[in-house]
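Notes for the structure review
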Amino acid sequence: MNIVLKVGGGRASWWKQHLSTLLSEAKVYLANEEMNRDDIDYAVVWKPEPGWLRTFENLKCIVSIGAGIDHVLCDPELPVHLPIIRTTSPDLKVRMREYVTLHVLRLHRRLPEIVAAQSAREWRQIIEPPAHERRVGIMGLGNLGADCAVTLAAIGFDVAGWARSEKTIDRVACFAGEATRNAFLARSDILVCMLPLTPETEGILNADLFDRLPDGAAVINVARGQHLVNEDLLAALDRGKVCGATLDVFHVEPLPIDHAFWDHPNVLVTPHIASLIDPIAGGERIAENIKKFDAGELIADLVPQGRGY
């Protein structure tokens, strides 16, 4: 078994060693190492450049280092017949649940204003309504979105969710389809985007959507940067339609140092940390899935053919 590994940053060698240990029967190559491309069976990747995967003629399967696969599907030269396996882990839910809950509470209790008051040495007692009077909307009710919705409802928030298809979640008002989206937005004081990135959802966080939120609503984006029209958010913030935004994902990452989001007083930038996969557990899941695929066994993380997320 031969595997090519393409992962950015300084941990490529660590990933190679980790997978080589877990898959002792396999030969693991880094993308920049010399290899016979015709012998490669599996490509384990994060954000491969367009056309790169096509250079492996006998590839059996692509493995995404992460739950999202849009970074693979955006390749216009992608061999569409190849199966794709996402990488999931229980800790992804935990990490995302922590992040979303933290920032919903931060915006609900107007913590940015408290911090600003401290900087100005002002004793400002800001009184907010209790959680059950704050309406939170979750756009996207997949595994992570549904888990966050349940968690926020358990804290006491008035939670609704919106998805493409019908969902039923205890203590969460579920909206489905385009016909219900405006009603969902109108009752979202804090909107959390957790949608998959597809041609239909790209740019969905735009001026029209912001206008349909209650005045002074807040926005949290933990999905993909391409969901957001940056200029529309800045305009909505500057005119007070949106009171604040927490952004974890961006069109270009790392976020360029001259980007307007860095200095905007009502934007919190976090460096794509909401739900990073644990590399040790992630490597174990990747190795397990490759072994199962090679043995012809059922894999829960295998993406259905033709599905965009």
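Residues numbered from 1 in each chain as written. Predicted model: local features only at pLDDT ≥ 70, side-chain atom pairs only at ≥ 80, totals over all residues. Heavy atoms only, no water.

**Looking at the pattern of salt bridges**
Overall, the coordinates contain 21 salt bridges when judged by the stated rule. Across the salt bridge formed by Arg 134 and Glu 128, the nearest N and O atoms sit 2.4 Å from each other. Across this residue pair, the class does not change: Arg 134 and Glu 128 are buried. Several salt bridges share partner residues, and in doing so they unite Arg 110, Glu 113, Arg 124, Glu 128 and Arg 134 into one network. (Salt bridge = Lys/Arg side-chain N within 4 Å of Asp/Glu carboxyl O. Buried < 20%, exposed > 50% of the residue type's maximum accessible area, 1.4 Å probe, protein only.)

**Description of the nonpolar core**
Among the nonpolar cores identified, the biggest contains 29 residues, and Met 139, Leu 205, Leu 209, Phe 210, Leu 233 and Phe 261 are the most heavily contacted of them. Contributions of two or more residues to this core are made by strand 7 (158–163), helix 6 (178–186), strand 9 (190–193), helix 7 (207–211), strand 10 (217–221), helix 8 (230–238), strand 11 (242–247) and strand 12 (267–269). Of the residues forming this core, the biggest block, 4 residues, is contributed by helix 8. Ignoring sequence-local partners within four residues, the contact set of Leu 209 consists of Met 139, Leu 185, Leu 191 and Ile 204. Counting residues in hydrophobic clusters, the runner-up holds 26 residues, among them Tyr 99, Ala 146, Phe 157 and Ala 274. (Core = buried A, V, L, I, M, F, W, Y, C linked by side-chain atoms within 4.5 Å. Helix = DSSP H or I, 4+ residues; strand = E, 2+ residues; numbered from the N terminus. Contact = heavy atoms within 4.5 Å.)

**Concerning the pairing of strand 10**
For strand 10, the buried fraction is high: 5 of the 5 residues fall into the buried class. Of the two faces of strand 10, the one carrying Ala 217, Val 219 and Asn 221 and the one carrying Ala 218 and Ile 220 are both buried. Direction of pairing for strand 9 relative to strand 10: parallel, over a ladder of 4 bridges. The partner of Cys 193 across the bridge, within strand 10, is Asn 221. A crossover links strand 10 with its parallel partner strand 11, the connecting element being helix 8, and its sense is right-handed. (Pairing = 2+ DSSP bridges. Right-handed = clockwise from strand over helix to strand, strands pointing away.)

**A word on the side chain of His 108**
Along the polypeptide, His 108 turns up in helix 3 (residues 90–108). Residue class for His 108 comes out buried when judged on its relative accessible area of 4%. What His 108 contacts, discounting residues up to four positions off in sequence, is Glu 128, Pro 129, Pro 130, Ala 131, Arg 134, Phe 157 and Ile 190.

**Observations regarding the sheet that holds strand 1 (residues 2–6)**
Spatially, 5 strands are ordered 2-1-3-4-5 in an open sheet, and the strand pairing comes out parallel. Each edge of the open sheet carries a strand with a single partner, namely strand 2 (27–30) and strand 5 (84–85). When strand 4 (residues 61–64) meets strand 5, the two strands line up parallel, connected through 2 bridges. From the neighbouring strand, Val 63 faces strand 5, where its bridge partner is Ile 85. Its contacts with the sheet put helix 1 (residues 12–22) on strand 1, strand 2 and strand 3 (42–45), and the angle it makes with strand 2 is roughly 170 degrees. Packing against the sheet, helix 10 (residues 279–294) makes contact with strand 1, strand 3, strand 4 and strand 5, and its axis sits at approximately 155 degrees to strand 3. (Axes fitted to C-alpha atoms, helices over the stretch in contact; angles between N-to-C directions.)

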